[in-house]
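# What the coordinates show
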Amino acid sequence: MQQLGLALRLPQPQTLANFIPGRNAEPLAALRQWIAGAGAPYLALHGEPGCGKTHLLQAACAQLQARARSLVYLSLAQAGLAPAVCEGLEVLDAVALDDVQEIAGQAPWEQTLFALFNRLQEHGGRLLIAATRPPATIGFQLADLQSRLCSGPSFLLQPLNDLGLDDLLEQGAQARGFALDVAARRYLLSRCPRDPASLLRLLDEIDAVSLAQGRIPTVPFLSALLGGCRA
Amino acid sequence: MSSIWKKCCERLKGDLSPQEFNTWILPLQASRESSQLRLFAPNRFVRDWVREHYEHQIEELCNTFSDGDIKDIRFEIGTLETGRAAHADMAEPKTTASGPKASAPGNRLGERRRAANLSPTFRFETFVEGKSNQIARAASIQIACNPGTAYNPLFIYGGVGLGKTHLMQAVGNTILEQNDTASIVYVHSERFVSDMIKSLQHNRMDDFKSRYRGVNALLIDDVQFFAGKERSQEEFFHTFNALFETGQQIILSSDRFPKEVSGLEERLRSRFGWGLTVAIEPPDLETRVAILQSKASLFGIDLPEDVAFFVAKRLRSNVRELEGALRRLGANSSFTGVAINLEFARVALHDMLIAQDKQVTIENIQKVVANYFKIRTSDLLSAKRTRSITRPRQIAMALAKELTKNSLPEIGKAFGGRDHSTVIHAAKKVEELRTTDHLIDEDYKNLLRTLTS
């Protein structure tokens, strides 16, 4: 008999505790300092998609919220946003801007970010940004903005290597309430797309199907689920 | 925070994605007055977005958590003046007038600084003099000692991140220290514009005028941003005249010579040139080294001279980049507990110094590897099994596994339709060979460097 799972999924919180550091111990330490209000009030993180930038920004928001700080997170890749969304944000204790590369070359956005940077500085607010590239190479048209975004430390987030991805699968499965043994994890890593987002989506799928079928996710189970090999 | 709103937030946190919650709900502030809940958004955009997407959800939750006591929910624009004082443990507290109020007599200078928008870190003592800025610095010191009489206005121009703001604020700080009653305002031109727009909107132009026309020194940064803003230029023109005629000091900065600032009215441009116009050029190598050393001492970072030279040689364009690199070195050193030396700096700043804007693809790896071993790309994809082809092929596969996000079946497929197990074997083989054959290790490192730098 097939077990019917409820179509309920609590969003997995993105915290510092469940961030797999991999080779990113230094950016993580810098972020903890920034959250604690120590060091430079402005910090930049950069790295290719899937290296954990959004996770860290969300985690920083959660930490600051727990400390009763006023803050906002903005992904500049979000559809429907306009520069007006940045008005008055300098009154907040902290602003976290994700996907900053998205607005490069758009004069109204660049001027808005430039003004926000200056105002946050005037108000003593803290700024955290994330982009796919370091600020110096994002390609801003407004030199004033680029130079300001270069004034703080910028850290490269390295993508997870096989060891890190293995940790991600193990912890991700645990967080979903099931276990994946070494063989199962190795099986997934040698056959599936190796970016964290795809692997986490796959874990959701494994979770749902293994629950519905009442089966433990072993290699034969995964082999059947993935149809042998999935590119 | 209202306890009802706190409960609403807890529920919304579970219902919405973290991104959604942190973008739209987190910046809201709430205040409850009997049966009314007022929610304050930082701006109109956020308020309208929240109303459009979450109003119904918020109403339902408030109704549930208040047992129907909340009858009216208002979505407004603004902020509650709460919580700031509770944030006194922040290492760098807010510095505006709305920040924590320090009322001890000894802090009077600090209050005046905050009211003037001046940062105490910008001082002449921390400004590193070099050939590129010595005239601007000397003129600024003169003005700080004789405001309104030496040179009026002082117009400082130069590229971004060369110290214009530092000099302007150093003048402001010195005047404040030397004259207990002097009133000063430092603003960025964009702030002047937005203050004026807000004053017009709220019918408070008299307040605006008295704020800007009643000072002993007005310092306006980056006046090129007045370009094309006619109403602001008009207002600034009158402000300028009022201050100039009464002998109050005006200091302006821009990224270019006054006559070259486009989009400004001629009457403003000509006034900008009435006093003294000085340039700040990009600092030479020795000055960049001195700037790094001065900032290192300010941040408490132990920076050896050879490292300062190394960084200064690589980052030439502006001081902010130097500061960013220095902060990065300081953060890495404090995290690892390793003293900064040349090798440490090379590693720590690798990604800053070498723009890694190249996307590494399997195709690119194949081309680079084929070129390196002087074989054809098609050989890598062929069925040939001679050592001269298989070894580069294995190295290319190992590099593809390390540098790309492609799945192993995808990598195998890109190498002439091979199986994923061939990729695993290749990566293992290369790893093994690198420990036993230093030439292969050298080849691998060279290729890695070429592909990632």
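The structure displayed is predicted, hence computed values, not measured ones. (Residues numbered from 1 in each chain as written. Chains lettered and ligands numbered in written order. Predicted model: local features only at pLDDT ≥ 70, side-chain atom pairs only at ≥ 80, totals over all residues. Heavy atoms only, no water.)

### Remarks on the sheet that holds strand β1 (residues 29-33) of chain B
Residue and element names in this part refer to chain B. With respect to topology, 3 strands assemble into an open sheet ordered β1-β2-β3, the strand pairing being mixed. Bordering the open sheet on either side are β1 and β3 (72-77), each of which pairs with just one other strand. The mean angle between the axes of side-by-side strands here comes to 20 degrees, regardless of whether they run parallel or antiparallel. Along the sheet, helix α3 (residues 44-65) contacts β2 (36-41) and β3; its crossing angle with β3, the most-contacted strand, is approximately 165 degrees. (Pairing = 2+ DSSP bridges. Helix = DSSP H or I, 4+ residues; strand = E, 2+ residues; numbered from the N terminus. Axes fitted to C-alpha atoms, helices over the stretch in contact; angles between N-to-C directions. Contact = heavy atoms within 4.5 Å.)

### Some details on the packing of aromatic side chains
All names here are of chain B. Applying the stated rule across the entire model yields 20 aromatic pairs over all chains. With a centroid separation of 6.2 Å and 70 degrees between ring planes, the pair formed by Phe 240 and Trp 274 is classed as edge-to-face. Here the residue Phe 240 occupies a position in helix α9 (residues 230-245), and Trp 274 occupies one in the loop between α10 (266-272) and β8 (276-280), the gap between them amounting to 34 residues. Members of the aromatic cluster, connected to one another through ring pairs, are Phe 155, Phe 192, Phe 208, Tyr 212, Phe 226, Phe 236, Phe 240, Phe 244, Phe 272 and Trp 274. The ring centre of Tyr 212 lies 5.2 Å from the NZ or CZ of Arg 211, which sits over that ring. (Phe/Tyr/Trp six-rings, centres within 6.5 Å; stacked < 30°, edge-to-face > 60°. Lys NZ or Arg CZ within 6 Å of the ring centre and 35° of its normal.)

### Considering the confidence of the model for chain B
Residues and elements named next belong to chain B. Residues with a pLDDT of 70 or more make up 92% of chain B, whose mean pLDDT is 87. Contacts from residues 83-106, a stretch scored under 50 in pLDDT, to residues over four places away or in other chains number 45 contacts. Predicted complex metrics record ipTM = 0.84 and pTM = 0.75. (pLDDT = per-residue confidence, 0-100.)

### Some remarks on the nonpolar core
Residues and elements named next belong to chain B. Membership of the largest hydrophobic core comes to 80 residues, with the highest contact counts inside it found for Trp 5 and Ile 58. For this core, the element with the highest residue contribution is α3, accounting for 8 residues. Every residue in contact with Ile 58, bar those within four places of it in the chain, is listed here: Trp 5, Leu 12, Leu 39, Val 50, Ile 73 and Phe 75. One finds Leu 154, Met 168, Ala 170 and Ile 184 within the second-largest nonpolar core, a separate group that totals 25 residues. (Core = buried A, V, L, I, M, F, W, Y, C linked by side-chain atoms within 4.5 Å. Buried < 20%, exposed > 50% of the residue type's maximum accessible area, 1.4 Å probe, protein only.)

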